[in-house]
Amino acid sequence: MWTKSSPSPPTHLLIFLMFLLIAAAAAVQRFKEAPKYYNSPNCPTTNVTCSSSEVKSSDPSVHVAMTLDAAYLRGSMAAILSVLQHSSCPESIQFHFVVSSSADTASLRSTLAGSFPYLKFQIYPFRDDDAVAGLISTSIRSALDCPLNYARNYLAELLPGRVRRVVYLDSDLVLVDDIAKLAATPLGDDAVLAAPEYCNANFTSYFTPTFWSNPSLSLTFSGREACYFNTGVMVMDLERWRVGTYTAKIVEWMELQKRMRIYELGSLPPFLLVFAGKIAPVDHRWNQHGLGGDNFRGLCRDLHPGPVSLLHWSGKGKPWARLDANRPCPLDALWAPYDLLQTSFVLES
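Residues numbered from 1 in each chain as written. Predicted model: local features only at pLDDT ≥ 70, side-chain atom pairs only at ≥ 80, totals over all residues. Heavy atoms only, no water.

For the protein, an unreviewed UniProt entry supplies the name Hexosyltransferase and the organism Parasponia andersonii. Check the Sequence similarities (unreviewed entry) section of the UniProt entry for the protein; it says "Belongs to the glycosyltransferase 8 family." For the record of the protein, the UniProt heading Subcellular location (unreviewed entry) holds the text "Endomembrane system". (UniProt positions renumbered as here; feature names shortened; annotations may be inferred.)

**Student:** Explain the nonpolar core to me, please; I cannot follow it from the model alone.
**Tutor:** The nonpolar side chains of soluble globular proteins are, as a tendency, buried together. Leu193, Phe207, Phe229, Met236, Trp241 and Phe275 are the most contacted members of the largest nonpolar core, which has 52 residues in total. Among all residues touching Phe229, those that are not within four sequence positions of it are Leu193, Ala195, Pro196, Glu197, Met234, Leu268, Phe271, Leu272, Phe275, Ala276 and Ile279. Core analysis: the second largest hydrophobic core is formed by 49 residues, Ile123, Val235, Val282 and Trp335 among them. (Core = buried A, V, L, I, M, F, W, Y, C linked by side-chain atoms within 4.5 Å. Buried < 20%, exposed > 50% of the residue type's maximum accessible area, 1.4 Å probe, protein only. Contact = heavy atoms within 4.5 Å.)

**Student:** For this particular structure, what's the right way to read the sheet that holds strand β6 (residues 193-195)?
**Tutor:** Strand pairing in a sheet takes place through backbone hydrogen bonds and is either antiparallel or parallel in direction. Pairing is mixed in the open sheet, where seven strands are placed in the order β3-β2-β1-β4-β9-β6-β10. Each edge of the sheet is formed by a strand with only one pairing partner; in this case those strands are β3 (120-126) and β10 (280-281). Bridge count for strand β2 (residues 93-100) against β3 is seven bridges, and the pairing is parallel. Paired with Phe95 across the two strands is Phe121, which belongs to β3. Contacts from helix α3 (residues 105-115) reach β2 and β3 within the one sheet, and its direction differs from that of β3 by about 160°. (Pairing = 2+ DSSP bridges. Helix = DSSP H or I, 4+ residues; strand = E, 2+ residues; numbered from the N terminus. Axes fitted to C-alpha atoms, helices over the stretch in contact; angles between N-to-C directions.)

Structure representation (C-alpha cells):
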C-alpha cells in the first residue's frame with residue numbers, strides 16, 4: 001500500500017492496474033433480457049439464415065456488422081437494442097459480430113443469446129489480429145491501437161460471400177431511426193462505401209508533414225475532393241470491395257506508415273487515403289458523431305445542427321463510463337434508456 005511518504009507508483013503499473021479494473025468490471029457484467037420485436041405486416045419474407053452460405057440476390061435482410069469485446073460490450077448491447085427497437089422489420093436484421101481470436105466466444109455468444117433470444121447473429125473470430133498488430137503504429141489514444149479496431153478492413157474476407165451489402169456500426173452509438181433507410185443508401189455505379197462526409201474539417205491535419213512534403217504521396221488526393229468521413233458508420237458493398245481488393249490497398253498504406261509515419265490517428269487515415277473523395281454521400285443525420293469529445297479530454301459536446309437518426313459517442317468519453325462516475329454529459333441521457341446492464345441491486349435481489 002502506498003502512503004503519502006511512499007514514492008509514486010510507476011506509470012506502467014498504474015496503467016496495468018487500470019486494465020485489471022476494467023477487466024474485472026467487464027467480467028461481472030450481467031444484462032437484462034430485451035423485449036422481442038416483431039416485423040410489421042408489410043415486411044418481406046426472409047428465408048436466408050445467418051449461417052447459410054447460399055447466395056441470394058433477392059435477400060431482403062439488412063446485414064449489420066459490429067465488433068464485439070468485453071471492454072465495449074455494454075455499448076454494443078445498447079446499440080443492438082436501439083437498432084431493433086427502431087426497425088420496422090427487426091426480424092429481417094442479421095448481425096455479424098467480429099471478435100478477437102483470443103476472446104471468450106462462448107461467453108459472448110451466451111450473453112447475446114440471453115439478452116436477445118430471437119436475434120439472428122453469427123460470430124467470426126478475427127484470426128488476423130496478430131498480423132494486424134504488427135502493422136499498427138501507436139496513435140494519440142491507446143484504445144485506437146487495438147487490432148479489433150481494424151477488423152472493419154477485413155469484413156469482405158470474414159463475412160460469407162452471400163453478404164453483399166452490410167452496414168458497419170461502432171459500439172458507442174445508438175440509432176433513433178430505422179436502419180433499413182441507412183442500408184438502402186444508393187451507392188451509384190461504382191462507389192464501394194457510403195458515409196456522411198464533412199468537407200469543412202481540416203483534412204490536412206490527419207496526415208503528417210512527411211506525407212504532405214512528399215509529392216509522390218500527397219498527389220494521392222489529386223483530382224479528388226477529399227473530405228473527412230467517420231468510419232464508425234458505413235454502408236459497404238462487400239462484393240465491389242472484394243473485386244477491387246481494397247483490403248490489400250489499405251494494408252499497403254499501413255505498411256508504409258510503419259516505415260515513415262505518414263499519419264497519426266489509428267485506423268481512419270488508411271480509409272481516407274483509399275476512399276476519401278470516392279464515397280457515396282449520406283445525410284449527416286446518420287452520424288451525429290463526436291459526442292464523446294476529443295481524443296484527449298472527452299469533454300461534453302452538443303449535437304450538430306439538423307435532424308438526428310444516429311447518435312455516436314466517438315472520442316474519449318463514453319456515456320456508460322460517465323454515467324457510472326456520476327459525471328454524465330447532458331446528451332448521455334439519450335443513451336441511458338438503451339442500457340441493458342443489470343444494476344447491483346437487481347443482481348442481489
